[in-house]
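Results of the structural survey
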Amino acid sequence: MPELPEVEGLAAFLRERAVGRVVAGVEVGALNVLKTFDPPPTALHGLAVTGVARHGKWLDLDVDGLHLLVHLSRAGWLRWSDALPRTPLRPGGKNPVALRVRFAPDGDDDPGAPPGFDLTEAGTQKRLAVHVVRDVAQVPAIASLGPDPLDDAFDLDAFRALLVGSRQQVKGLLREQSVLAGVGNAYSDEVLHVAKLSPYALAGTLPDEDVRRLYAALRATLRDAVAAAGGKPAKELKDAKRAGMRVHGRTGQPCPECGDVVREVSFADRSMQYCPTCQTGGRTLADRRLSRLLK
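A brief structural summary. (Residues numbered from 1 in each chain as written. Predicted model: local features only at pLDDT ≥ 70, side-chain atom pairs only at ≥ 80, totals over all residues. Heavy atoms only, no water.)

1. A few points about helix H1 (residues 4-17)
Between its terminal C-alpha atoms H1 stretches 20 Å, which fits the 20 Å expected from 14 residues at 1.5 Å a residue. With ten of 14 residues buried, H1 lies mostly within the body of the structure. Along H1, the residues that are buried comprise Leu-4, Pro-5, Glu-6, Val-7, Glu-8, Gly-9, Leu-10, Ala-11, Phe-13 and Leu-14. (Helix = DSSP H or I, 4+ residues; strand = E, 2+ residues; numbered from the N terminus. Expected span 1.5 Å × (residues − 1). Buried < 20%, exposed > 50% of the residue type's maximum accessible area, 1.4 Å probe, protein only.)

Below you can see the structure in the form of structure tokens.
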């Protein structure tokens, strides 16, 4: 799933490619992707993209006051083309393109195919979501987002306040979008590895030294990932994310810090990775949802 760094990378990419362009058409290839009906996608036709922002894992294209909001979910992606196919997108079938945005050609006399982007989604679980709204706060999932961990106002005291009284395991808290916006399964693994904390540590009982280390790891890990994504075309962001992972997705490989084998805990719809030596005092976590440390 694209998380804060990749969505920020996409936003930066679109700021360079899309801002100032006029929307020539929006074509829906999968009806389930569109979660709003007023205003309709056709309301964007003829309007110019004036800005691109990010809200947690949400991508926000400001189209002259209307907002095209995209949540890529687990298997969605944005694919830019300098020359989209001229054939109109047809709903249904096996086409992976859920929505297409066409921009007007660069010049009135430009005979080439127009630029634009496709939103695609792989797999059978169709969770890609697109909203067209007048106000971003109209989308409940955005209105309920917690603070952005890279916001300048999100200091150590603000982070401490999120943990006070929490009975959540720290892994779950980092992934909770209403608590902290933008971190998902992959970067929570990375942050906890850098902080040398067990994913099952209780957030509300962490000693202050651990809280400080976790906050520093959170900010540094995300900043480094955003920097790594910067300047890359959309098609390279997924590979850049995988290449930058320390433990996530690296089960069975050596830990880059200590050389121990990276272990995994699998759940019904996801898995997490960690280093026993760095994070759990050498102990292996049982591979079940309500795991306890194996004796």
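From this point, the narrative continues.
2. Quick word on the packing of aromatic side chains
The final tally for this structure, using the stated rule, is six aromatic pairs. Measuring from ring centre to ring centre gives 6.1 Å for Phe-154 and Phe-159, while their planes differ by 75 degrees; the resulting arrangement is edge-to-face. The class of Phe-159 is buried, set by a relative accessible area of 0%. Between Phe-154 and Tyr-215, the ring centres sit 6.1 Å apart and the planes meet at 50 degrees, which makes this aromatic pair tilted. On the criterion of sequence distance, the pair formed by Phe-154 in the loop between helix H2 (140-143) and helix H3 (156-163) and Tyr-215 in helix H6 (residues 208-229) is long-range, its members being 61 residues apart. (Phe/Tyr/Trp six-rings, centres within 6.5 Å; stacked < 30°, edge-to-face > 60°.)

3. Here's the deal with the pattern of salt bridges
This model, assessed by the stated rule, comprises 17 salt bridges. For Glu-27, the salt bridge goes to Arg-102, with nearest N and O atoms at 2.5 Å. You can see Glu-27 sitting in strand S1 (residues 23-28) and its partner Arg-102 sitting in strand S6 (residues 97-103), a full 75 residues away along the chain. The exposure classification of Glu-27 matches that of Arg-102, with both residues buried. In this structure, Arg-246 engages Glu-257 in a salt bridge whose closest nitrogen and oxygen atoms are separated by 2.8 Å. Note that Arg-246 is positioned in the loop between helix H7 (237-244) and strand S9 (263-266) and Glu-257 in the loop between H7 and S9, a separation of eleven residues in sequence. The structure contains a network of salt bridges with shared partners spanning Glu-8, Arg-15, Arg-54 and Asp-148. (Salt bridge = Lys/Arg side-chain N within 4 Å of Asp/Glu carboxyl O.)

4. Comments concerning the packing of H1 against H6
The N-to-C vectors of H1 and H6 enclose an angle of 35 degrees; their axes lie 8 Å apart at closest approach. When the axes of H1 and H6 are compared, the crossing they make is right-handed. On H6, the residues touching Leu-4, Pro-5, Glu-8 and Gly-9 of H1 are Leu-222, Ala-225, Val-226 and Ala-229. Looking at the contact of H1 with H6 residue by residue, the class counts come to six nonpolar, one polar and one charged. (Axes fitted to C-alpha atoms, helices over the stretch in contact; angles between N-to-C directions. Left-handed = near helix turned anticlockwise from the far one by under 90°. Contact = heavy atoms within 4.5 Å. Nonpolar A, V, L, I, M, F, W, Y, C, P; charged D, E, K, R; others polar.)

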